[in-house]
Amino acid sequence: MAMTASSGVAQGAGSAIPAGQSERSPFLRTTELLAPYQPAKPLITLSLGEPQHPVPAFVGPVLAKHIAEFGRYPLAKGIEPFRRAAANWLSIRFQLPRPVDPESEILVLNGSREGLFFAAITAARYVGPRKGRPAILMPNPFYPAYGAGARAAGCELIYLPTTLANGFLPDLDALDDATLARTVAMFIASPANPQGAVASRDYFTRLKTLADRHGFMILSDECYSEIYTRQAPGSALECAGPDFTNVVAFQSLSKRSNLPGMRVGFAAGDSKFLAVFHELRNVAAPQVPVPLQHVAVAAYSDETHVEENRRLYRIKFDLADQILGSRYGYARPAGGFCVWLDVSEHGGDEAATVKLYRDAGVRVIPGSYLSRLQNDGFNPGAGYIRLALVSDSESTAEALHRLVETLD
């Protein structure tokens, strides 16, 4: 069945969610859900996807070397050494149709979140008039910045359910021409947050064909691309053609290099889009301090700390394989560091979240808080909980054992 515009939920729709609730932070909602309770055991937090592995050793010395540059206003475009390092890394890491031009096809970001937000606004301006109300498509569940950006852009939000049945990626075959004709952008996350699904080369190629045919932007969130335990995920840029037309990929050091507090990432791809993106960011977006860009140069020039990072996550997923087995529909994800568990037979996602916090001292996040209602009343995240395996392996093992003991 084709996915029409009515298959998504526009702002404020969905009577099953209290007024305004769908616009709020899922983490704040979880805090409010758990506020009446006290954990019976020492708390282990698996709700926030904040990497806890050690900060790379080179960070301090690089910062110290460039400390005086905190006295300069940074250029929105980013310093040339950063853009060159990011472009070089992309060319080494992915099988691109050609090397990325650091002068016109890379922009530094204050973390990928702000870039994703401003990219939605840019897309609405860049793509131009549509056949009907402009729309932005996004997976459901999704990273909240997608929705915030689409609302700020004045576009209709169209949620594409990502379920076990469609491999936890939006079903491209379900999109109808009328919807695509008014689409200005589609957000895609690979590896997906929260399920960890990875888009294949064929998937990206099919999406690129749709974008070219209907003239919309692909905003590819690839911040988890370096967290995997088996095969390295690809990039939308690999299938974007010689000029990367209609494709922009977003990267971040938060997950790759355990630097969530540094807030450095980049956007790469379509030079015409990035020129308009730069104009908006030059007057509205947060700038990235120059010393932090120098740290990023060092980070993108070193893979040793990233390989160690993956090793630590691999240990924790090995523990999840052993402790969870096939319970709750668990399957080792292709990428990312999250676990997506079906607790629909254990009281549902909110009840399981409360029980785990109250009885086991394990904090997770309800899947329904990461999703939005479709027009038919279906919430693709309902009945699931998300765990972020960001703590040390001992704490992770303890939390998983408590989870099984409490829910079984």
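Note that this is a predicted model, so its numbers are computed, not measured.

**Quick notes on the overall build of the protein chain**
In step 1: Secondary structure assignment for the protein chain yields 13 helices and 12 strands.
In step 2: A compact globule built from 408 residues would reach a C-alpha radius of gyration of about 22 Å, and the protein chain, at 21 Å, matches this within 12%.
In step 3: Projected onto its principal axes, the C-alpha coordinates of the protein chain cover approximately 55 × 55 × 35 Å.
In step 4: Evaluated residue by residue, the protein chain yields a buried proportion of 60% over its 408 residues.
In step 5: Long-range contacts, defined here as pairs at least 24 residues apart, represent 77% of the contacts in the protein chain between residues at least 6 apart.
In step 6: When the accessible surface of the protein chain is split by element, carbon and sulfur atoms take 53% of a total near 15900 Å².
In step 7: Charge separation in the protein chain, taken as the distance between the mean sites of 39 positive and 40 negative side-chain charges, equals 3 Å.

**Re helix α11 (residues 304-324)**
In step 1: For α11, spanning 21 residues, the distance from its first C-alpha to its last is 30 Å, which sits close to the expected 30 Å at 1.5 Å a residue.
In step 2: Of the residues making up α11, those classed as buried are His305, Val306, Asn309, Arg310, Tyr313, Lys316, Phe317, Leu319, Ala320, Ile323 and Leu324.
In step 3: Looking at the buried residues of α11, the elements they touch are α8 (253-256), α10 (290-300), β9 (338-342) and α13 (393-407).
In step 4: Two residues or fewer past α11, glycine 325 is found with a positive phi of approximately 60°.

**Points about the packing of helix α3 (residues 80-93) against α10**
In step 1: At a minimum axis distance of 9 Å, the contact between α3 and α10 shows a crossing angle of 25°. Regarding the angle of α3 to α10, the classification is roughly parallel. Classified by chirality, the crossing of α10 by α3 is left-handed. Residues Pro81, Phe82, Ala85 and Trp89 of α3 pack against Gln293, Ala296, Val297 and Tyr300 of α10.

**Describing the sheet that holds strand β8 (residues 265-269)**
In step 1: One open sheet accounts for seven strands, arranged β2-β8-β7-β6-β5-β3-β4; its pairing is mixed. Looking at strand neighbours, the two that pair on one side only are β2 (106-109) and β4 (156-161), the edges of this open sheet. Averaged over all pairs of adjacent strands, the angle between strand axes in this sheet comes to 20°, irrespective of strand direction.
In step 2: Bridge analysis of strand β3 (residues 135-140) against β4 gives six bridges, and the strand direction is parallel. The residue bridging isoleucine 136 from the neighbouring strand is leucine 157, located in β4.
In step 3: Each of β5 (183-189), β6 (217-221) and β7 (247-252) is contacted by helix α7 (residues 201-214), which is oriented at about 170° to β5, the strand it contacts most.

**Let's talk about the side chain of glutamine 293**
In step 1: Secondary-structure assignment places glutamine 293 in helix α10.
In step 2: Among the polar contacts made by the side chain of glutamine 293, one reaches the main-chain carbonyl oxygen of valine 288 at a distance of 3.0 Å.
In step 3: Other than its neighbours up to four places away in sequence, glutamine 293 contacts Pro74, Gly78, Ile79, Phe82, Val108 and Val288.

**Regarding the domain arrangement of the protein chain**
In step 1: Assigned domains within the protein chain: domain 1 (26-49 + 305-407) and domain 2 (58-301).
In step 2: Between domain 1 and domain 2, the contact holds 27 residues from the first and 29 residues from the second.
In step 3: Our count for the domain 1 to domain 2 interface comes out at zero salt bridges.
In step 4: Taken together, the connections running from domain 1 to domain 2 amount to 14 residue pairs in polar contact (both at pLDDT 80 or more).
In step 5: The set of elements that each furnish at least two residues to the side of domain 1 that touches domain 2 consists of α11, β9 and β12 (384-388).
In step 6: When residues of the side of domain 1 that touches domain 2 are assigned to their parent elements, the largest contribution, seven residues, is made by α11.
In step 7: Taken together, the residues that form the side of domain 1 that touches domain 2 break down as 14 nonpolar, eight polar and five charged.

**Some words on the packing of helix α12 (residues 349-360) against α13**
In step 1: Two elements in contact, α12 and α13, have axes separated by 10 Å at closest approach and are oriented at 110°. Viewed along their axes, α12 and α13 adopt a mutual orientation that is roughly perpendicular. Judged by the twist between their axes, the crossing of α12 over α13 is right-handed. Contact residues: α12 offers Ala352, Lys355, Leu356, Asp359 and Ala360, while α13 offers Arg402, Leu403, Thr406 and Leu407.
In step 2: Counted by class, the contact of α12 with α13 contains five nonpolar, one polar and three charged residues.

**A look at the packing of aromatic side chains**
Any aromatic ring pair is given by two values, namely how distant the centres are and how the planes are angled relative to each other.
In step 1: In the structure shown here, the tally under the stated rule is 17 aromatic pairs.
In step 2: On the basis of an interplanar angle of 65° and a centroid distance of 6.4 Å, the ring pair of phenylalanine 82 and tyrosine 300 is categorised as edge-to-face. Within this pair, whereas phenylalanine 82 is found in helix α3, its partner tyrosine 300 is found in helix α10, the two being separated by 218 residues in sequence. Comparing phenylalanine 82 with tyrosine 300 shows no difference in burial state: the two are buried.
In step 3: Cluster of aromatic residues (ring-pair linked, three or more members): Phe82, Trp89, Phe94, Phe266 and Tyr300.
In step 4: Here arginine 29 stacks its cationic end above the ring of tyrosine 369, 4.0 Å away from the centre of that ring.
In step 5: Taking NZ or CZ as reference, arginine 281 lies 5.8 Å from the ring centre of phenylalanine 277, over its face.

What counts as what
- Residues numbered from 1 in each chain as written.
- Predicted model: local features only at pLDDT ≥ 70, side-chain atom pairs only at ≥ 80, totals over all residues.
- Heavy atoms only, no water.
- Helix = DSSP H or I, 4+ residues; strand = E, 2+ residues; numbered from the N terminus.
- Rg over C-alpha atoms; globule rule 2.2 N^0.38 Å.
- Buried < 20%, exposed > 50% of the residue type's maximum accessible area, 1.4 Å probe, protein only.
- Contact = heavy atoms within 4.5 Å.
- Areas by Shrake-Rupley, 256 points an atom, 1.4 Å probe, with all protein chains shown as cover.
- Lys, Arg positive; Asp, Glu negative; His and termini not counted.
- Charge placed at Lys NZ, Arg CZ, Asp CG, Glu CD.
- Expected span 1.5 Å × (residues − 1).
- Axes fitted to C-alpha atoms, helices over the stretch in contact; angles between N-to-C directions.
- Parallel < 35°, antiparallel > 145°, perpendicular 65-115°, else oblique.
- Left-handed = near helix turned anticlockwise from the far one by under 90°.
- Pairing = 2+ DSSP bridges.
- Polar contact = N/O pair within 3.5 Å; in protein donor to acceptor, adjacent residues only side chain to side chain.
- Domains from an automatic or database assignment.
- Salt bridge = Lys/Arg side-chain N within 4 Å of Asp/Glu carboxyl O.
- Nonpolar A, V, L, I, M, F, W, Y, C, P; charged D, E, K, R; others polar.
- Phe/Tyr/Trp six-rings, centres within 6.5 Å; stacked < 30°, edge-to-face > 60°.
- Lys NZ or Arg CZ within 6 Å of the ring centre and 35° of its normal.

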